[in-house]
Amino acid sequence: MRRAILVLVTGALLASCASTINTEPVNTGPLGDGGTPGEECVPVDAKSPSAVIGIDALQNTSNETVTIDSVILAYPKQLKLTSVLLVPIAQHNLIGVALTYPPPQGPEPGVMWDQRRPAPGTTIAPGSLTENLVAMVTAEATTAQAAGLIVSYHNTGHRYILHTATRIRLQVSPSVCAP
Amino acid sequence: MPPLVRRNPSPSVAPDQVLQHARNGLGTPCLTARNTRHGPPDCPAADNAMPREGSDGTTLSPPKRPDSSLRPSSCPSAGMLRHGRIAPDHGHQSRRHPQLKIENPLTGISQSLEGGCLLVTSGLGGIMNKRIVAVVLAASVVAMLSSTQAASASSPAAPTPPTADLVGLVDSASLTTPVVASGHILKSDGSAAAFADVVLYAWPANDALKGLSPGDGFKLQAVGAATADINGAYTLRIASADLVSPMADSSGIINFEIDAGAIGQGTVPFGFPRKFDPSTGSMTEIGGTPPALASGPTASGSLWSVAPEHADVVLPLNGASTGTQNVGPPGSTSAVNKGSCTLAVVTNYGPGWDIVGQTYSTTTGVTHQFVYTSGSSSSLGEGFSLSGAYGSFSASGTTGVGSTGSETYPVQGNGQYAYYETEFTFEKFRRTCINPRQPTTVDYLAKAVSWAAGAQIQRPSGAPAAGYCVSQLAGSVFRKESTTAITWTNGFSVGGFVGINLSTDTGYSTSASVEYSFSAQRHLCGTGGYPGGTPYQLVAQA
């Protein structure tokens, strides 16, 4: 029995080594490099501490279709990701930050909101329209934050990771974002 | 973020008003202390203690930038062609520093991998007794040791100790380490300088340079060498990051210089800075994105990374060079001997204003601010001259300077455009290069060596066109802590000293930032990309 446990544990250790050494390339794939560092801070109401964060654009620069496998928050602290969408953008306006979307007056020009779909499992064809990566997040404390989004995706034979460089911070009322 | 082609970020906008000029308490650095560390006895005599003014037979006036000459540009200079940055060689990491930070995309957990193996022991205590734990730990140690040994087996050879001369420096053609710089060496008529000599030097740290006085001399440290091919193409590599790490200043900046020479074409320098991270051995561009983690060791066994410089160097025809024809194609694995360069301080100039950042708002309901803090880095143009005389300098690459204090600029409001400036001291150096295949050459360099503090805001007459927009909620704050540099031709106001204003790149490191605070719903737009990506310049709009 002990020998079996030992074998299992040793195997788990070796598997851990192997999995960590063979990581996917970060920010070098066809969906870009994640941009340069920064922070987006959004004040939210305590009764509805959620926000829509759509500040990242994805465009497939390769000649192969890529498929989004997963999107998670990077290093989340009291911040919960409720859903992630891809929204095609026909012009150069992204959704940006909002408490809810779409606004009463309708989506911004060029935002093809009716063609939104969940990001995981969605394919992005080469040279297609820019896709707005839109995250719905909820604060679970007065200050909630994450070090961006981590998008795992693949094409034929290759897996990639995109780590967006803009941190996300939700500040629950009455706190304010200004320093 | 889609990779975006770097573009000229805005139409020309000229500063037309100086708002304020406030020096902090740091002042300019002392220029009287002699530094003996970088002044070996064998250095050539400098233009000893030349006066600050009139050293070139010209009365110097305070630097003043012609308003109409300030424009963002990536245009090549007359003497040099500097191309845009090429993609970093992401296939390299530092094997000498095998600590890897790995993020699991499925769990979001960051794991530190040291020595090649990750230990996971939590949760095991309840199912194993001490004996099993001991056995498992022993197995783990064995696994780690074997991993470390494997890494050592494929590591590069022991670093070559710094050499006083190029003798013994391994030709880049026989190295497999990351490319530090590449490009072409061209003659003054535009033709290829076949088999030209190319040497990569590292300058002493700025911390040491700013303590030098006129007459002090030092020898440049050769860290790489190559011979151009028949088409003038060259590739420079450094055998080990250990060769250059001692040259990093307190901000981590290392200033490199490419020297190229061919028969009858003289030698010419081209400077470029890199920011050195001692924890990984990686070298990034100032204002650039740090190299991403690679998937694993490369075939060469090298793990350190560097963002390579692409520089096409045009040699000036100085008429002084004669000698035997360069012979031999590149690729020799033998030691090289291409000569060496020594420098001496000719003049300590006073500080010159340099643009270090910019913000714009074309609407109401937005405030914006720039902060230049300790550890910020700027990339400023260098001047090169064969005679050293006023008006004879031409641009010749860039040099990096880090700040040792901070400048917080006033908050800007509705409809305001701002260029944020601070001051850097710079010096003129006399450069003497000895090459066994050419006569000795003497020329001059003018370059910034230290940050002098000071804060000044200039008002451009307009904001650049910015078409990559996101909507910003009232109350939201967007901060950008680093951005890919844009080049402002003539942004470094030193024309009163050397006859031309030099360029400046307004990319900044993680210690400087721009911040836009929105009190109403507005748009924030980038000139070259979305704000969350690589926007270059940011403009708040209605």
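Residues numbered from 1 in each chain as written. Chains lettered and ligands numbered in written order. Predicted model: local features only at pLDDT ≥ 70, side-chain atom pairs only at ≥ 80, totals over all residues. Heavy atoms only, no water.

Any chance you could explain the overall build of chain B here in plain terms?
Along chain B, the regular secondary structure elements total 3 helices and 30 strands. Counting the 542 residues in chain B, one finds 58% classified as buried. Taking as baseline every contact in chain B between residues at least 6 positions apart, the subset at least 24 positions apart corresponds to 80%. When the accessible area of chain B is evaluated, it comes to approximately 19,400 Å², of which 57% is carbon and sulfur surface. (Helix = DSSP H or I, 4+ residues; strand = E, 2+ residues; numbered from the N terminus. Buried < 20%, exposed > 50% of the residue type's maximum accessible area, 1.4 Å probe, protein only. Contact = heavy atoms within 4.5 Å. Areas by Shrake-Rupley, 256 points an atom, 1.4 Å probe, with all protein chains shown as cover.)

Just checking my understanding: could you explain the pairing of strand E20 (residues 394–402) of chain B for this structure?
Where a strand is regular, its side chains alternate between the two sheet faces. Residue and element names in this part refer to chain B. The buried count for E20 comes to 7 of 9 residues, which makes it a mostly enclosed element. One ladder, built from 7 bridges, connects strand E19 (residues 377–385) with E20; its direction is antiparallel. Looking at the pairing, serine 377 lines up with glycine 402 of E20. (Pairing = 2+ DSSP bridges.)

I'm lost on unusual backbone geometry in this one. Help?
Most peptide bonds take the trans form, and the phi angle of most residues other than glycine is negative. Residue and element names in this part refer to chain A. Tyrosine 101 connects to proline 102 through a cis peptide bond whose omega is 0°. If you trace the backbone, proline 102 turns up in the loop between strand E6 (96–98) and strand E7 (117–118). The backbone of tyrosine 75 shows a phi angle near 45°, a positive value even though the residue is not glycine. Looking at the element boundaries, tyrosine 75 is found in the loop between strand E3 (66–73) and strand E4 (79–89).

Help me understand the environment of Val268(B) in this model?
Its place among the elements puts Val268(B) in strand E13 (residues 266–277). Sequence separation between Val268(B) and Leu386(B) is 118 residues; the distance between their C-alpha atoms is 9.1 Å.

What is the right way to look at the nonpolar core in this model?
A general trend in soluble globular proteins is that nonpolar side chains are found buried together. Ranked by size, the top nonpolar core spans 51 residues in total, and within it Ile185(B), Leu200(B), Phe256(B), Ile258(B) and Phe429(B) carry the most contacts. Ignoring sequence-local partners within four residues, the contact set of Phe429(B) consists of Trp203(B), Leu209(B), Phe218(B), Leu343(B), Ala344(B), Val345(B), Val346(B), Asp443(B), Tyr444(B), Leu445(B), Lys447(B) and Val449(B). Judged by nonpolar contacts, the second largest core, of 45 residues, contains Ala57(A), Tyr444(B), Phe478(B) and Tyr516(B). (Core = buried A, V, L, I, M, F, W, Y, C linked by side-chain atoms within 4.5 Å.)

How should I be thinking about the pairing of strand E11 (residues 149–155) of chain A in this particular structure?
All names here are of chain A. With 6 of 7 residues buried, E11 lies mostly within the body of the structure. Note: E3 against E11, 6 bridges, orientation antiparallel. Within E11, the position partnered with valine 71 by the bridge is valine 151. Across 6 bridges, the pairing between E11 and strand E12 (residues 158–163) is antiparallel. Following the sheet pairing, tyrosine 153 is matched in E12 by tyrosine 160. The turn linking E11 back onto E12 is made up of 2 residues, and glycine 157 within it adopts a positive phi angle of 85°.

What is the right way to read the confidence of the model for chain A from this model?
The predicted coordinates of low-pLDDT regions are not to be read in fine detail. For chain A, mean pLDDT is 87; residues scoring 70 or higher make up 86% of the total. In this model, residues 14–22 of chain A is a region of pLDDT below 50 whose contacts with residues beyond four sequence positions or in other chains number 12 contacts. (pLDDT = per-residue confidence, 0-100.)

Please explain the environment of Val366(B) as it appears in this structure.
All names here are of chain B. Along the polypeptide, valine 366 turns up in strand E18 (residues 366–372). Separated by 47 residues in sequence, valine 366 and glycine 413 place their C-alpha atoms 6.3 Å apart. In this view, valine 366 contacts Ser361, Gln412, Gly413, Asn414, Tyr516, Ser517, Phe518, Ser519, Arg522 and Ala540; residues no more than four positions away in its chain are not counted.

In this structure, what is going on with the sheet that holds strand E8 (residues 123–124) of chain A? I would like to understand it.
Strand pairing in a sheet takes place through backbone hydrogen bonds and is either antiparallel or parallel in direction. In space, the 4 strands of this open sheet follow the order E8-E3-E11-E12 (chain A), with antiparallel pairing throughout. The sheet is open, and its two edges are formed by E8 and E12 of chain A, each paired on a single side.

Would you take a moment to explain the packing of aromatic side chains for this structure?
When we look at a pair of aromatic rings, we describe it by the centre distance and by the angle of the planes. All names here are of chain B. In this structure the tally under the stated criterion is 14 aromatic pairs over all chains. Ring centres of tyrosine 349 and phenylalanine 426 lie 4.8 Å apart, and the angle between their planes is 25°; this geometry places the pair in the stacked category. Placement of tyrosine 349 in strand E17 (residues 340–361) and of phenylalanine 426 in strand E22 (residues 417–435) is noted, with a sequence separation of 77 residues between them. A relative accessible area of 2% means that tyrosine 349 is categorised as buried. On the basis of relative accessibility, which here comes to 0%, the residue phenylalanine 426 falls in the buried class. Aromatic ring contacts, followed pair by pair, group Phe370, Tyr372, Tyr409, Tyr420 and Trp451 into a single cluster. Against the face of tryptophan 203 rests lysine 447, its NZ or CZ located 3.5 Å from the ring centre. (Phe/Tyr/Trp six-rings, centres within 6.5 Å; stacked < 30°, edge-to-face > 60°. Lys NZ or Arg CZ within 6 Å of the ring centre and 35° of its normal.)

Please clarify how the sheet that holds E7(A) should be interpreted in this entry.
All names here are of chain A. Reading across from one edge, E6-E2-E9-E4-E7 is the order of the 5 strands in this open sheet, with antiparallel pairing throughout. Looking along the sheet, the strands with just one partner apiece sit at the ends: E6 and E7. Summarising the sheet, strand E2 (residues 50–58) and strand E9 (residues 130–139) pair through 7 bridges and their orientation is antiparallel. What sits directly across from serine 50, in E9, is threonine 138.

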